[in-house]
Amino acid sequence: MTETRLLELMHAVLDGEATADEARTLETRLAADPAAQAQFARLERLFDGLKGIPQPFAPEGLVASV
């Protein structure tokens, strides 16, 4: 598996968009690769931090005026 594909799988899992097969593929890779485990853990912390950022809302009336 290429590093690009590995990163794509990590993002798909963290975004909740991975298929069951993709999730299993990632789990298998993580079980065998400590460097991939560390990278995934860093991404998990990043994703968790991003979830805590408040989402901005459009000013009232903006949508209706468009």
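The paragraphs below set out a description of the structure included in this document. (Residues numbered from 1 in each chain as written. Predicted model: local features only at pLDDT ≥ 70, side-chain atom pairs only at ≥ 80, totals over all residues. Heavy atoms only, no water.)

Details of the overall build of the chain
Okay, step 1: A tally of regular secondary structure across the chain gives 4 helices and 0 strands.
Okay, step 2: The linear arrangement of helices and strands in the chain, starting from the amino end, is α-α-α-α.
Okay, step 3: For the chain, whose C-alpha radius of gyration is 17 Å, the value lies well above the compact-globule estimate of 11 Å for 66 residues.
Okay, step 4: Counting only C-alpha atoms, the chain reaches 55 × 20 × 20 Å along its principal axes.
Okay, step 5: Counting every position in the chain, which comprises 66 residues, the buried fraction comes to 20%.
Okay, step 6: Placing the 6 positive and 11 negative side-chain charges of the chain at their respective mean positions leaves the two points 6 Å apart. (Helix = DSSP H or I, 4+ residues; strand = E, 2+ residues; numbered from the N terminus. Rg over C-alpha atoms; globule rule 2.2 N^0.38 Å. Buried < 20%, exposed > 50% of the residue type's maximum accessible area, 1.4 Å probe, protein only. Lys, Arg positive; Asp, Glu negative; His and termini not counted. Charge placed at Lys NZ, Arg CZ, Asp CG, Glu CD.)

A word on the nonpolar core
Okay, step 1: The biggest cluster of nonpolar side chains holds 10 residues, and these are L6, L9, M10, L14, L26, L30, A36, F40, L43 and F47.
Okay, step 2: Every element with two or more residues in this core is listed here: helix 1 (3-15), helix 2 (20-32) and helix 3 (34-51). (Core = buried A, V, L, I, M, F, W, Y, C linked by side-chain atoms within 4.5 Å.)

A look at the packing of helix 1 against helix 2
Okay, step 1: Look at helix 1 against helix 2: their axes get within 10 Å of each other, and the N-to-C directions meet at 120°. In this view, helix 1 runs oblique relative to helix 2, as classed from their interaxial angle. Handedness of the crossing formed by helix 1 with helix 2: left-handed. Each of E3, R5, L6, L9, M10 and V13 in helix 1 lies in contact with helix 2, whose residues at this interface are E22, A23, T25, L26, R29 and L30.
Okay, step 2: Here the contact of helix 1 with helix 2 is composed, by residue class, of 7 nonpolar, 1 polar and 4 charged. (Axes fitted to C-alpha atoms, helices over the stretch in contact; angles between N-to-C directions. Parallel < 35°, antiparallel > 145°, perpendicular 65-115°, else oblique. Left-handed = near helix turned anticlockwise from the far one by under 90°. Contact = heavy atoms within 4.5 Å. Nonpolar A, V, L, I, M, F, W, Y, C, P; charged D, E, K, R; others polar.)

What about helix 1?
Okay, step 1: Here helix 1 spans 18 Å end to end across 13 residues, near enough to the 18 Å set by a 1.5 Å rise per residue.
Okay, step 2: Close packing links the buried residues of helix 1 with helix 2 and helix 3.
Okay, step 3: Backbone geometry just after helix 1 places G16 at a positive phi near 75°. (Expected span 1.5 Å × (residues − 1).)

Some remarks on a nonpolar patch on the surface
Okay, step 1: Residues L46, L50 and I53 make up a contiguous nonpolar surface patch of roughly 270 Å² in combined accessible area.
Okay, step 2: By the secondary structure assignment, I53 is in the loop between helix 3 and helix 4 (62-65). (Patch = residues over 30% accessible without salt bridge, like charges linked within 9 Å, V, L, I, M, F, W, Y side chains within 5 Å. Areas by Shrake-Rupley, 256 points an atom, 1.4 Å probe, with all protein chains shown as cover. Salt bridge = Lys/Arg side-chain N within 4 Å of Asp/Glu carboxyl O.)

Remarks on the side chain of D33
Okay, step 1: With respect to the element layout, D33 can be found in the loop between helix 2 and helix 3.
Okay, step 2: The class for D33 is buried, based on a relative accessible area of 19%.
Okay, step 3: A distance of 3.0 Å separates a polar atom in the side chain of D33 from the backbone nitrogen of A35. (Polar contact = N/O pair within 3.5 Å; in protein donor to acceptor, adjacent residues only side chain to side chain.)

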